[in-house]
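# Topology and contacts: notes
Spelled out, the chains give:
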There are 2 protein chains.
Amino acid sequence: MGEVKHLCLVRFKEGVVVEDVLKGMADLVAEMDMVKSFEWGQDVLNQEMLTQGFTHVFSLTFASADDLAAYMGHEKHAAFAATFMAALEKVVVIDFPVVIAKPPPPA
Amino acid sequence: MGEVKHLCLVRFKEGVVVEDVLKGMADLVAEMDMVKSFEWGQDVLNQEMLTQGFTHVFSLTFASADDLAAYMGHEKHAAFAATFMAALEKVVVIDFPVVIAKPPPPA
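First, a word on what this report is: a plain description of the structure on this page.

Cut-offs and rules
Residues numbered from 1 in each chain as written. Chains lettered and ligands numbered in written order. Predicted model: local features only at pLDDT ≥ 70, side-chain atom pairs only at ≥ 80, totals over all residues. Heavy atoms only, no water. Buried < 20%, exposed > 50% of the residue type's maximum accessible area, 1.4 Å probe, protein only. Helix = DSSP H or I, 4+ residues; strand = E, 2+ residues; numbered from the N terminus. Pairing = 2+ DSSP bridges. Contact = heavy atoms within 4.5 Å. Buried area = accessible area lost by both parts, 1.4 Å probe. Salt bridge = Lys/Arg side-chain N within 4 Å of Asp/Glu carboxyl O. Nonpolar A, V, L, I, M, F, W, Y, C, P; charged D, E, K, R; others polar.

## Focus: the pairing of strand β3 (residues 56-62) of chain B
All names here are of chain B.
- Across the seven residues that make up β3, a large majority, seven, are buried.
- Side chains of β3 alternate between two faces, with His56, Phe58, Leu60 and Phe62 and Val57, Ser59 and Thr61 buried alike.
- Judged from the seven bridges that link them, strand β1 (residues 4-12) and β3 form a sheet pairing that is antiparallel. Looking at the pairing, Leu7 lines up with Ser59 of β3.
- Here strand β2 (residues 37-42) pairs with β3 via six bridges, running antiparallel. Paired with Gly41 across the strands is Val57, a residue of β3.

Written out as structure tokens, the structure is:
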């Protein structure tokens, strides 16, 4: 069994200070050992027809589905999720086992 | 300047043979040297409220924004994209420079 990703695409509500949300997320993830890695990004091409208004991506990687479940069920995640969701105008969340179709070249 | 990702969340039309689409995408990516890596996955939690009906994620990683631009502008990508888009009921595409907030532990 390989890695599992928890991916969120979001658009924040007007007036939300994205840096504050990011700080909260980074702090949470830093203390949650079952989160193997965390990366995020902001859309740069701004092709509204393709982005459907979504502006940010947050991607958490777990070593297993059990680790993902442990994270999702953790009370600190629940507390953060409530704050996070309240800051969003729209969101899509997908959880998926990662299939590597083309591996990165050796470093 | 770090990596750039081209991320697609999709829901296929009824009747589409996903394996065929995947085969086409893997073949394209295999011969496009500017694509550093390619991974994909299918949502497993099926929480309709969160997935908004999206079922699959496709993630292409590039070493630079220039490589992404070269891929997007390549005639083989254009040919594939036309076929790909025709197979989709809905799609969101986000292109973003990757910010690594929590790096994976050393292997």
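There is more to say, and it comes next.
## Side note on the interface of chain B and chain A
- In this complex, chain B contributes 41 residues to the contact, which on the side of chain A involves 41 residues.
- Three residues, B:Leu50, B:Ile94 and B:Lys102, lead the burial of chain B against chain A; their summed loss comes to 18% of the area buried on that side.
- Applying the counting criterion to the chain B and chain A interface returns two salt bridges.
- Residue assignment for the side of chain B that touches chain A shows that the elements contributing at least two residues are β1, α1 (18-31), β2, α2 (48-51), β4 (88-97) and β5 (99-102) of chain B.
- Top element by residues in the side of chain B that touches chain A is β4(B). It accounts for seven residues.
- Partitioned by chemical class, the residues of the side of chain B that touches chain A number 27 nonpolar, seven polar and seven charged.
- When strand β5 (residues 99-102) of chain A meets β2(B), the two strands line up antiparallel, connected through three bridges. Bridged to A:Ile100 within β2(B) is B:Glu39.

Just geometry here; none of it tells us what the structure is for.
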